[in-house]
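# Chains, contacts and geometry: an overview
Single-letter residue listing:
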Amino acid sequence: MEISEAELKTEQEFNHRFHVLAVDDSQIDRKLLEKLLTVSSYQVTCVESGDKALEYLGLLDIEENEYETPSLSTASKPVLSQPQETKINLIITDYNMPGISGYDLLKRVKDSSWKDIPVVVMSSENVPSRINKCMEGGAEEFLLKPVTLSDLSKLHSHLLNSTIHHDRPLDKNEQEEADEVNNVVSNKRKATSSEPSERRPRVKGLHVSVS
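Keep in mind that what you see is a predicted model, and the values were worked out from it rather than measured.

Side chains E141 and L143 of strand β5 (residues 141-144) all project onto a buried face; the interleaved residues F142 and L144 project onto the opposite face, where all are buried too. In the sheet, strand β4 (residues 119-123) pairs with β5 via four bridges, with the strands oriented parallel. Counted as the bridge partner of V121 is F142 from β5. Considered for its hand, the β-α-β crossover made up of β4, helix α5 (residues 128-136) and β5 is right-handed.

Mapped onto the elements of the fold, R30 is located in helix α2 (residues 27-39). One buried charged side chain, R30, makes no salt bridge at all; its nearest oppositely charged neighbour is E48, positioned 5.2 Å away. Not counting residues within four places of it along the chain, the set of residues in contact with R30 comprises D24, D25, C46, V47 and E48.

Right, let's talk about the nonpolar core for a bit. The biggest cluster of nonpolar side chains holds 27 residues, and the ones touching the most others in it are L21, V23, L57, I88, I91, L105 and C134. Once you skip the residues sitting within four places of it in the chain, C134 turns out to touch Y95, Y103, L106, V121, A139 and F142. One finds L36, Y42, M122 and V147 within the second-largest nonpolar core, a separate group that totals 16 residues.

With that settled, consider the environment of Y95. Locating Y95 in the fold gives a position in the loop between β3 (90-94) and α4 (102-110). Y95 has contacts with S101, G102, Y103, V121, M122, S123, R130, K133 and C134, leaving out every residue within four places of it along the chain. Polar side-chain contacts of Y95 include one of 3.0 Å to the side chain of K133.

One open sheet accounts for five strands, arranged β2-β1-β3-β4-β5; its pairing is parallel. Both edges of this open sheet fall to β2 (43-47) and β5, since each of them pairs with a single strand only. Here the strands of the sheet are splayed against their neighbours by 20 degrees on average, with no regard to which way each runs. As paired elements, strand β1 (residues 19-23) and β2 share five bridges and run parallel to each other. If you follow V23 over to β2, its bridge partner there is V47. Helix-sheet contacts for helix α3 (residues 50-57) involve β1, β2 and β3, and the interaxial angle to β1 is about 150 degrees.

Buried residues of α4: G102, Y103, L105, L106, V109 and K110, and no others. Buried residues in α4, looked at end-on, bunch into an arc of 160 degrees, giving them a common side. On its buried face, α4 is in contact with β1, α3, β3, β4 and α5.

Right, let's get into the packing of α3 against α4. A pair of packed helices is characterised by two quantities: the angle between their axes and the separation of those axes. Between α3 and α4, whose axes approach to 10 Å, the crossing angle comes to 20 degrees. Between α3 and α4, the angle is such that the two are roughly parallel. Two packed elements cross with a definite hand, and for α3 against α4 that hand is right-handed. Of the residues in α4, those touching α3 at G50, A53, L54 and L57 are L105, R108 and V109. Residues that form the contact of α3 with α4 fall into these classes: five nonpolar, one polar and one charged.

Here we come to the UniProt feature "modified residue: 4-aspartylphosphate" (unreviewed entry) in the protein. When the UniProt feature table is mapped onto this chain numbering, "modified residue: 4-aspartylphosphate" (unreviewed entry) sits at D94. With respect to the element layout, D94 can be found in strand β3. Sequence-distant contacts of D94, that is, excluding residues within four places in its chain, are made with V23, D24, D25, G102, M122, S123 and K145.

In this section: the environment of L105. Topologically, L105 is positioned in helix α4. Among the residues examined, L105 registers a relative accessible area of 1% and is labelled buried. Linking L105 and Y95, residues 10 residues apart in sequence, is a C-alpha distance of 9.0 Å.

Parameters and conventions
- Residues numbered from 1 in each chain as written.
- Predicted model: local features only at pLDDT ≥ 70, side-chain atom pairs only at ≥ 80, totals over all residues.
- Heavy atoms only, no water.
- Buried < 20%, exposed > 50% of the residue type's maximum accessible area, 1.4 Å probe, protein only.
- Helix = DSSP H or I, 4+ residues; strand = E, 2+ residues; numbered from the N terminus.
- Pairing = 2+ DSSP bridges.
- Right-handed = clockwise from strand over helix to strand, strands pointing away.
- Lys, Arg positive; Asp, Glu negative; His and termini not counted.
- Salt bridge = Lys/Arg side-chain N within 4 Å of Asp/Glu carboxyl O.
- Contact = heavy atoms within 4.5 Å.
- Core = buried A, V, L, I, M, F, W, Y, C linked by side-chain atoms within 4.5 Å.
- Polar contact = N/O pair within 3.5 Å; in protein donor to acceptor, adjacent residues only side chain to side chain.
- Axes fitted to C-alpha atoms, helices over the stretch in contact; angles between N-to-C directions.
- Arc of directions from axis to C-beta.
- Parallel < 35°, antiparallel > 145°, perpendicular 65-115°, else oblique.
- Left-handed = near helix turned anticlockwise from the far one by under 90°.
- Nonpolar A, V, L, I, M, F, W, Y, C, P; charged D, E, K, R; others polar.
- UniProt positions renumbered as here; feature names shortened; annotations may be inferred.

Following this line, the structure appears as structure tokens:
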């Protein structure tokens, strides 16, 4: 099913208001994800580790220097990192990362003031127990890598919910625009319904959304 130029423009304009934090220790995968999100007109910030993500969100405690000399002023003492002023509407993270894993990051986010921000987890391995753990831990989606443009169409409803939860309610015109974008997404899903089933995560007794 063809998506018209007008529908595509509407979707791009709608996406541009959203800021996605992408987390992946693989430079290749990170660059690919950044390109896909940018092509989809999202604002995107990429970091290479769970630590960097927590720091960006203001959730990483910077330990005080126990060996600080008396000559240092209090202004130079390490303090808690501060939350970024730029708003984050969605976090998408790789599962398998050294140090803080994607699951660890998910749990830290869900136990913080960012708990209502949607978190999407990615992995190159289709492991049911891993998918189940992340979904039960609060993940909105579990995507198999490499992520594709059709995978990103799943983000719209979560981003819209994020806007409703964290910003003012949508006015009439914005709601009409959101409805139009949802129609575009629905058409895309119909057009890509023939996606090979082996790309679709399966978890016994748990529904995982697919294209």
